[in-house]
Amino acid sequence: MKNLFWLIVLPISVFAQTSTSQILECNKIFEERKQELELKLEEIDEARQAYEALKNATEEMFRKKEAALKAKERELNATKEKLEEERKSIEELIAKNEKLLKAIKEAKADKVAQTYAKMKASAAAAILERMKPEDAANILSTLKPKIVGKILSKMSPEKASKITLLLKGCSFK
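On a predicted model such as this, the values are computed, not experimentally measured, just so you know.

Enquirer: Let's hear about the overall build of the protein: which residues, and what values?
Expert: Within the protein one finds five helices and zero strands. For the protein, the N- to C-terminal ordering of α and β elements is α-α-α-α-α. Expressed as a percentage of the 173 residues in the protein, the buried residues total 13%. Once local pairs closer than 6 in sequence are excluded, the contacts in the protein between residues at least 24 apart make up 68%.

Enquirer: Can you break down helix 5 (residues 157-167) residue by residue, with the values?
Expert: In an α-helix, one full turn covers 3.6 residues, which means residues spaced three or four apart are oriented alike. Burial in helix 5 covers these residues: Lys159, Ala160, Ile163 and Leu167. Down the axis of helix 5, the smallest arc covering the buried residues is 95°, so these residues share one side. Looking at helix 5, the residues exposed on the side facing more than 90 degrees away from the buried face are Pro157, Glu158, Lys162 and Leu165. Among the structural elements, helix 2 (121-129), helix 3 (133-141) and helix 4 (145-153) are those in contact with the buried residues of helix 5.

Enquirer: Residues and numbers for the side chain of Thr142, please.
Expert: Relative to the elements of secondary structure, Thr142 occurs in the loop between helix 3 and helix 4. On the basis of relative accessibility, which here comes to 18%, the residue Thr142 falls in the buried class. In this structure the side chain of Thr142 is engaged in a polar contact, spanning 2.5 Å, whose partner is the backbone oxygen of Ile139.

Enquirer: Go over the environment of Ser141 with me, naming the residues and quoting the values.
Expert: Checked against the element boundaries, Ser141 lands in helix 3. Between the C-alpha atom of Ser141 and that of Lys168, which follows or precedes it by 27 residues, the distance is 9.6 Å. One polar contact links the side chain of Ser141 to the main-chain carbonyl oxygen of Asn138, over a distance of 2.7 Å.

Enquirer: Outline the pattern of salt bridges, supporting the account with residue identities and numerical values.
Expert: Tallied over the entire structure, the rule returns five salt bridges. Glu84 serves as the salt-bridge partner of Arg87, at 2.1 Å between the closest nitrogen and oxygen. Separated by three residues within a single helix, Arg87 and Glu84 lie in helix 1 (residues 2-118), roughly one turn from each other. Via salt bridges that share partners, Glu84, Arg87 and Glu91 belong to a single interconnected network.

Rules used throughout
Residue numbering note: each chain is counted from 1, following its sequence as written. Only residues with pLDDT of at least 70 are given local features in this predicted model, and only at 80 or more are side-chain atom pairs given and counted; all residues enter the totals for whole chains, interfaces and linings. Values reported for side chains reflect all heavy atoms of the structure, with hydrogen atoms and water molecules removed beforehand. A run of H or I in DSSP becomes a helix once it reaches four residues, and a run of E becomes a strand once it reaches two; helices and strands are each numbered from the N terminus. Throughout this description, buried means an accessible area under 20% of the type-specific maximum (1.4 Å probe, protein chains only), exposed means over 50%, and partly exposed covers the range between. Contacts: residue pairs with any heavy atoms within 4.5 Å of one another. The reported arc concerns the directions from the helix axis to the C-beta atoms and nothing else. Under this definition, polar contacts are N or O atom pairs within 3.5 Å; protein pairs additionally need one hydrogen-donor-capable and one acceptor-capable atom, and for neighbouring residues in sequence, both atoms have to be side-chain atoms. Each reported salt bridge corresponds to a side-chain nitrogen of Lys or Arg within 4 Å of a carboxyl oxygen of Asp or Glu.

Structural data, given as structure tokens:
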């Protein structure tokens, strides 16, 4: 019986010692692994915080850039509107100037026409014969057809025919 006791107790005690040392070793490994995981977790947390800070900084920079862009856009639109107003104003001034120029030219042409209308036909013919046919035709086109006929009759036939051809496209007063 003594032998039986040792046969039963001895393997149990050997197994108990082996199991206890294995359990202690497993606990040690688990503790080391736990520390490694805690370090990894801290690294991940630091990386997440760095990411959040970078994300926030990027978003803030984006908001500032967007605000600056909108300000520039408003400025450009205001400048565009101002330029459009100035363009319209310039176009109006050009139209007024063209009207004034036309009125001046008409007044000048009327003055020339009145001068030639008051002249004797032979004197007017002598002056107009010395001009280029185009210029003479322009002056004669401002006169009444009756006066033009008298002046052309006093000119040389060659000059009168050239002027007549040019007058063909003009309308008389």
